[in-house]
Amino acid sequence: MGNSQKLVINGGRRLEGELQVHGAKNSALPLLAAAVLAHGECVFHNCPMLTDVDAACRILSCLGCRCSRSGDTVCVDSANVCGNEIPDALMREMRSSIVFLGAVLGRTSRCRLTFPGGCELGARPIDLHIAALREMGAVIREEHGWLECTAPGGLRGARISLSFPSVGATENIMLAAASAEGTTEIQNAAREPEIIDLADFLNKCGAKISGAGGSTIVVEGVKRLEPAEHSVIPDRIVTGTYLCCAAITKGELILTRCEPSHIMGYLPVLEAMGCRIYPYGGGKLYINCTRRLTAPPTIRTMPYPGFPTDIQALFTALCSTAEGTSVFVETIFDNRYRHVPELIRLGASIKVEGRVAVVQGVERLSGAKLCAGELRGGAALVTAALAAEGTSEISGVGYIDRGYESIEIALRSVGADISRTGQP
Ligand code: UD1
């Protein structure tokens, strides 16, 4: 990610205080795409200030929407959608740009776009998206690197059985089906909270979606969607990141504006490792860690409600200083250990074999120069550096900015010695 900025961290400081969790990137992006379907001005509150969200707004502008931001509120006026082409540069900027396909096709019956970028986690095909949209009547051709998609007679409902509960494919189908002719049934749908958030928003717009959060989602197509106002759910991965930062520094934090029910895939692991965590009313979560953590024996990433792949890197960082050995099995992506060689520079003892990583906890880490290669892996380096003795310097900050709002300001406010250097 092209900027020369670095995060400079002097590790060894215990985090203490209160930290607010921002809105979920992975909810905000499909919600912004959904705004294309509403004929007018949608208002999104708790919309995180992230470079990926900025990229989604640039896509919306290309399509003829008017976007504006005031604080954490983003307004998208899709009354005059006139475009249906997403420029290659924006498609390459982030993989989730593919979620615009279902929305644009639903609104204009045509969409022209290139293959999405953001493949730093290994191969990330879009075959499930394409096959599902074809079942709904879309004609999709691939020419000169472009996907030419049309729905000559409009999209129509279909019964779609996903071979894997893909988050992006489930979202694309919901978006395409919301205003399609007839009823769509998605079997083996993804069950992530972001799917429920999207369904909630679309239903506010007049869609008829039931079953979101379960394995079968039914979407009864309606003629037209109207604009609505919505608040983005809290980011469960940022919540987990801050919890890991507290845990690795033997800290004590209160997280606010989070949703404890969304983090049950990893919260019990933190507790088993020796953290004391209490959710209490009003979206607050208290964590306190006073001793060296105990390594969890095995962690397998799974679709929601299992242990999230997006949290795996954070936990490899955490386990690198725990007492004992942990085995990680990454079942979702085939290249999600790129942060490991960087953790090893800090003194971690980790061996990777295919989709398995064995982390042998060491007593101490020591600061080093590190390079982030992707978003969550980058956050894992920050987490480990907070516990490492001496100074660490992390480059590749652009990756971290895709999913964390000014991470250095947030962590500094609870006692970390972290600063950002260099030009954006
Ligand atoms: C979303 C999240 C990402 C998270 C991932 C899994 C967003 C913006 N991103 O990504 O942070 O890590 O869910 O929880 O919400 N697959 C195919 N063919 C397809 C689609 C997916 O083979 O057409 C495979 C992928 O290569 C991957 C697996 O399915 O191995 C999971 O992908 P998917 O659930 O689609 O993840 P994303 O929606 O890309």
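A. Representation of the packing of helix 4 (residues 100-108) against helix 6 (residues 167-178) in the model. Two elements in contact, helix 4 and helix 6, have axes whose closest approach is 7 Å; the angle formed by their N-to-C orientations is 10°. Relative to helix 6, the element helix 4 is oriented roughly parallel. Across the interface between the two elements, Leu101, Gly102 and Ala103 from helix 4 touch Asn172, Leu175 and Ala176 from helix 6. Classifying every residue of the contact of helix 4 with helix 6 by side-chain character gives four nonpolar, two polar and no charged.

B. Geometry of the environment of Leu381. Note that Leu381 resides in helix 12 (residues 375-387). For Leu381, a relative accessible area of 1% corresponds to the buried category. For the pair formed by Leu381 and Glu393, sequence separation is twelve residues and the distance between their alpha carbons is 9.8 Å. Excluding residues that lie within four positions of it along the chain, Leu381 makes contacts with His339, Glu342, Leu343, Leu370, Cys371, Ala372 and Ile394.

C. Structural context of empty space enclosed by the protein. Under the definition given, this model contains one cavity of 30 Å³ or more. Approximately 50 Å³ is the volume attributed to the largest cavity. Along the lines of polarity and charge, the residues of the lining of the largest cavity split into two nonpolar, one polar and five charged.

D. Just the state of the cysteines, in detail. Throughout the structure, instances matching the rule amount to zero disulfides. In this model Cys149 remains outside any disulfide bridge; the closest cysteine sulfur is found in Cys111, 5.6 Å from its own. For Cys149, a relative accessible area of 1% translates into the label buried.

E. Local environment of the side chain of Asp52. Here Asp52 is to be found in helix 2 (residues 51-62). The buried category is assigned to Asp52, whose relative accessible area is 3%. A distance of 3.0 Å separates the side chain of Asp52 from the side chain of Arg402, its partner in a polar contact. Ignoring any residue separated from it by four or fewer positions in sequence, one finds Asp52 in contact with Lys25, Leu29, Met94 and Arg402.

Parameters and conventions
- Residues numbered from 1 in each chain as written.
- Predicted model: local features only at pLDDT ≥ 70, side-chain atom pairs only at ≥ 80, totals over all residues.
- Heavy atoms only, no water.
- Axes fitted to C-alpha atoms, helices over the stretch in contact; angles between N-to-C directions.
- Helix = DSSP H or I, 4+ residues; strand = E, 2+ residues; numbered from the N terminus.
- Parallel < 35°, antiparallel > 145°, perpendicular 65-115°, else oblique.
- Contact = heavy atoms within 4.5 Å.
- Nonpolar A, V, L, I, M, F, W, Y, C, P; charged D, E, K, R; others polar.
- Buried < 20%, exposed > 50% of the residue type's maximum accessible area, 1.4 Å probe, protein only.
- 1 Å grid on protein atoms, 1.4 Å probe; cavity = no way out; pocket = protein on both sides within 12 Å on 5 of 7 lines; lining within 4 Å.
- Points joined across faces, edges and corners; volume = space filled by probe spheres on them.
- Disulfide = S-S within 2.5 Å.
- Polar contact = N/O pair within 3.5 Å; in protein donor to acceptor, adjacent residues only side chain to side chain.

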